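# Understanding the architecture of this molecule
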Amino acid sequence: MSEPRRGSLKTVGIVAAIVALALVAWGIVSRSRSDRQLATWTSAQDTPVVSVIHPAAEGSADALTLPGNVQAFNSAAIFARTTGYVRRWLVDIGDHVRSGQTLAILDAPEVDQQVLAARADLATAAANRSLAASTATRWKDLLAKDAVSKQETDEKIGDLAAKSAIASAAQANVRRLGALQGFTRIDAPFDGTVTSRSAQIGALVTAGNAAAAPLFTVADFSRVRVYVRVPQAYSGDVHPGIHAVLTVPEYPGRDFDVTLTRTAGAVDPASGTVLVELQAANGDRALKPGAYAQVKFPVGAGGGSGVRLPSSALVIGAKGTQVAVVGPNGRALLKTITIGRDDGDSVEISAGLTAADRVIDNPPDSLQTGDAVRIAAGGAKRAR
C-alpha cells in the first residue's frame, strides 16, 4: 500500500474518533440539562399555586344583622275536649274571629247518653238521701222519748251522711258531663285570625289524642314577637328598650321598627348565643307568623378586629379554627383565629387577623406552616 493512502486512513480514523467523542459529550450535556429541567419542573409542581385575598375591614356603619323568626303575639292550637263527630264548621283560614265565637259544632251522642244516665243516678241518690233524712229525723224523735237506743239512732244519722255524700258525687258527675257536653261547641279563645283548619264534616275527633292535628289554629298577630339569637360577643350591647330595624323578603326596601322587650340572660352552650325577644305593632298584618326576617341592631363591631373573610378560607383542625397566610418569605403560616360572627358564606374575625394579612383562599388540606407557596397570577384580591 502506498504512503499517501495510509496517511488518509489515519486522518479518517482521527476524525471519526473526534466525532464520536463529540457525540458522547453532547449526549452527556443534553442529559444533564434534561435532568436539571426535570428537577426544576418537579420542584415547581411541588409548590402549590394559591389564591390570596386580603380580609375586608368591617366599617362601623355595618350594624349587627342577624336572622330572626316572626311569631304571633298569641297563638293557640284548638283541639276537641270531648269525643264526637264534626257536625258543622263555621270559619275557615283567613277569617277574623272574636273571643268566644263558635268555630265548629260536634255531635257527641255518647256524652249525651252519659248525661242522661248521670241525671238518673242523681235522682236516685237524691231520693235515697231524702228517705235517709226523714228516717234520721224520726229516730231522733224516738230517742228523745227513750223508745230506741242511741246506737240505732247514730246508725241512721250516719246512713244520712253517706247518702248525702253519694248524692253530692252524683251531682258533681252531672256537672262534669254537662261541661263535656258544652265542649261540643268549639269557641275561639281570643280575637284573632284562623290560620289553619283540619275540621271536616262527619270526621271523628277523639279527645286527648296528642297525635291528632288541631281542628283550628287561631293567631293574634295584630302585634308580633320576633325571636333572635345574638352571639355572646354582642350580648352586652343588646338590652331591653333598644330599637332595631326588621326587614322581610316580601317587602324589599321597607323597614319595620321593632323594640327589644326581653332577653333570656343566659348563653346557650350549644350555639354560643343569647335568645332575645323583640316586639312590633302589626296593624296592617304585613308581618306574618312563622316568617323569616333580618334584624339589624345598632351596635358596633363588638370590640374585635373588624375584618371579614369568606368561609372557604377557614381551616378547621385539631388546633381549632385557623387561616393560612402568606408570609414575607413566600411561605405559608397557619394562624389561629377567633370567629366573632358566622354569617354562613362569610365570617367576622374578632381576633388573630388583620386587614394587611394575605390570606390563602381554599388552602390545600396538606398545607403546613413553612411550606413554600406560589401566588396565582393576578395578585391578592380584597374579600367582600
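Here's what I pulled together on the structure shown here. (Residues numbered from 1 in each chain as written. Predicted model: local features only at pLDDT ≥ 70, side-chain atom pairs only at ≥ 80, totals over all residues. Heavy atoms only, no water.)

## As for the overall build of the protein chain
- The helix and strand inventory of the protein chain stands at 3 helices and 23 strands.
- Of all 384 residues assigned to the protein chain, the portion counted as buried reaches 31%.
- By sequence separation, contacts in the protein chain at least 24 residues apart represent 75% of the contacts at least 6 residues apart. (Helix = DSSP H or I, 4+ residues; strand = E, 2+ residues; numbered from the N terminus. Buried < 20%, exposed > 50% of the residue type's maximum accessible area, 1.4 Å probe, protein only. Contact = heavy atoms within 4.5 Å.)

## Observations concerning the side chain of Arg225
- For Arg225, the location among the structural elements is in strand β10 (residues 216–231).
- Given the relative accessible area of 17%, Arg225 is considered buried.
- At 3.1 Å, the side chain of Arg225 forms a polar contact with the backbone oxygen of Phe73.
- Within polar-contact distance, the side chain of Arg225 engages the side chain of Glu277 at 3.0 Å.
- Those residues within four positions of Arg225 in sequence are excluded, and the remaining contacts are Asn69, Val70, Gln71, Ala72, Phe73, Asn74, Arg262, Glu277, Leu278 and Gln279. (Polar contact = N/O pair within 3.5 Å; in protein donor to acceptor, adjacent residues only side chain to side chain.)

## Describing unusual backbone geometry
- A positive phi is found at Asp146, a non-glycine position, where the angle reads about 60 degrees.
- Topologically, Asp146 is positioned in the loop between α2 (109–144) and α3 (150–182).
- In this structure Asp146 comes out as exposed when scored by relative accessible area, which is 69%.
- Unusually for a residue other than glycine, Arg285 sits at a positive phi of about 60 degrees.

## Structural notes on the sheet that holds strand β20 (residues 346–351)
- The 4 strands lie next to each other as β2-β15-β20-β19, forming an open sheet whose pairing is antiparallel. Two strands bound the open sheet, and with one partner strand each, they are β2 (56–57) and β19 (338–342).
- Two strands pair when backbone bridges link them, and β2 and strand β15 (residues 307–310) are joined in this way by 2 bridges, in the antiparallel orientation. Counterpart to Ala57 in the pairing with β15 is Val307. (Pairing = 2+ DSSP bridges.)

## Regarding the sheet that holds strand β9 (residues 204–205)
- If you trace the 4 strands from one edge of the open sheet to the other, you get β7-β6-β4-β9, paired in antiparallel fashion. The sheet is open, and its two borders are formed by β7 (185–187) and β9, each paired with just one other strand.
- Alignment of strand β4 (residues 84–89) against strand β6 (residues 102–107), held across 4 bridges, turns out to be antiparallel. Paired with Val86 across the bridge in β6 is Leu106.

## Some words on α2
- Here α2 contains 36 residues, and its C-alpha end-to-end distance of 53 Å stays within 8% of the 52 Å for a straight helix at 1.5 Å per residue.
- For α2, the elements touching its buried residues are α3.
- At the exit of α2 stands Asp146, carrying a positive phi of roughly 60 degrees. (Expected span 1.5 Å × (residues − 1).)

## Things to note about the pattern of salt bridges
- In total, this model carries 10 salt bridges according to the counting rule given.
- With its nearest N and O atoms 2.9 Å apart, the salt bridge here joins Asp92 to Arg197. Residue Asp92 is found in the loop between β4 and β5 (96–97), and its partner Arg197 is found in strand β8 (residues 192–197); the two are separated by 105 residues along the sequence.
- Among the residues examined, Asp92 registers a relative accessible area of 25% and is labelled partly exposed.
- Take Arg197: its relative accessible area is 22%, and that puts it in the partly exposed class.
- Between Arg225 and Glu277 there is a salt bridge, with its nearest N and O atoms 3.0 Å apart. With Arg225 in strand β10 and Glu277 in strand β13 (residues 273–281), the pair connects residues that are 52 residues apart, well separated along the chain.
- Accessibility expressed as a relative area gives 5% for Glu277, which makes it buried. (Salt bridge = Lys/Arg side-chain N within 4 Å of Asp/Glu carboxyl O.)

## Observations concerning the packing of aromatic side chains
- Counting across every chain of the model gives 1 aromatic pair.
- Between the aromatic rings of Tyr251 and Phe256, the centroid separation amounts to 6.4 Å while the plane-to-plane angle is 70 degrees, which identifies the pairing as edge-to-face.
- With a relative accessible area of 28%, Tyr251 lands in the partly exposed category.
- Across from the ring centre of Trp89, 3.8 Å away, lies the NZ or CZ of Arg197, which sits over that ring.
- In this structure, Arg225 is placed above the aromatic ring of Phe73, and the distance from its NZ or CZ to the ring centre is 4.0 Å. (Phe/Tyr/Trp six-rings, centres within 6.5 Å; stacked < 30°, edge-to-face > 60°. Lys NZ or Arg CZ within 6 Å of the ring centre and 35° of its normal.)

## Some remarks on the pairing of β4
- Of the pairings in the sheet, the one linking β4 to β9 comprises 2 bridges and is antiparallel in character. By the bridge assignment, Gly84 is partnered in β9 with Val205.

## With respect to the packing of α2 against α3
- Look at α2 against α3: their axes get within 8 Å of each other, and the N-to-C directions meet at 160 degrees. By the criterion of interaxial angle, the relationship of α2 to α3 is roughly antiparallel. Handedness of the crossing formed by α2 with α3: left-handed. (Axes fitted to C-alpha atoms, helices over the stretch in contact; angles between N-to-C directions. Parallel < 35°, antiparallel > 145°, perpendicular 65-115°, else oblique. Left-handed = near helix turned anticlockwise from the far one by under 90°.)

## Comments concerning the environment of Ile349
- Inspection of the secondary structure assignment puts Ile349 in strand β20.
- By relative accessible area, Ile349 is classed as buried at 0%.
- Distance in space between the C-alpha atoms of Ile349 and Ala57 is 9.9 Å, their sequence separation being 292 residues.

## Some words on the environment of Ala219
- Tracing the backbone shows Ala219 in strand β10.
- Other than its neighbours up to four places away in sequence, Ala219 contacts Ala72, Asn74, Ser75, Phe190, Gly192, Thr193 and Thr195.

From the geometry alone we can't say anything about function, so treat these as descriptive.
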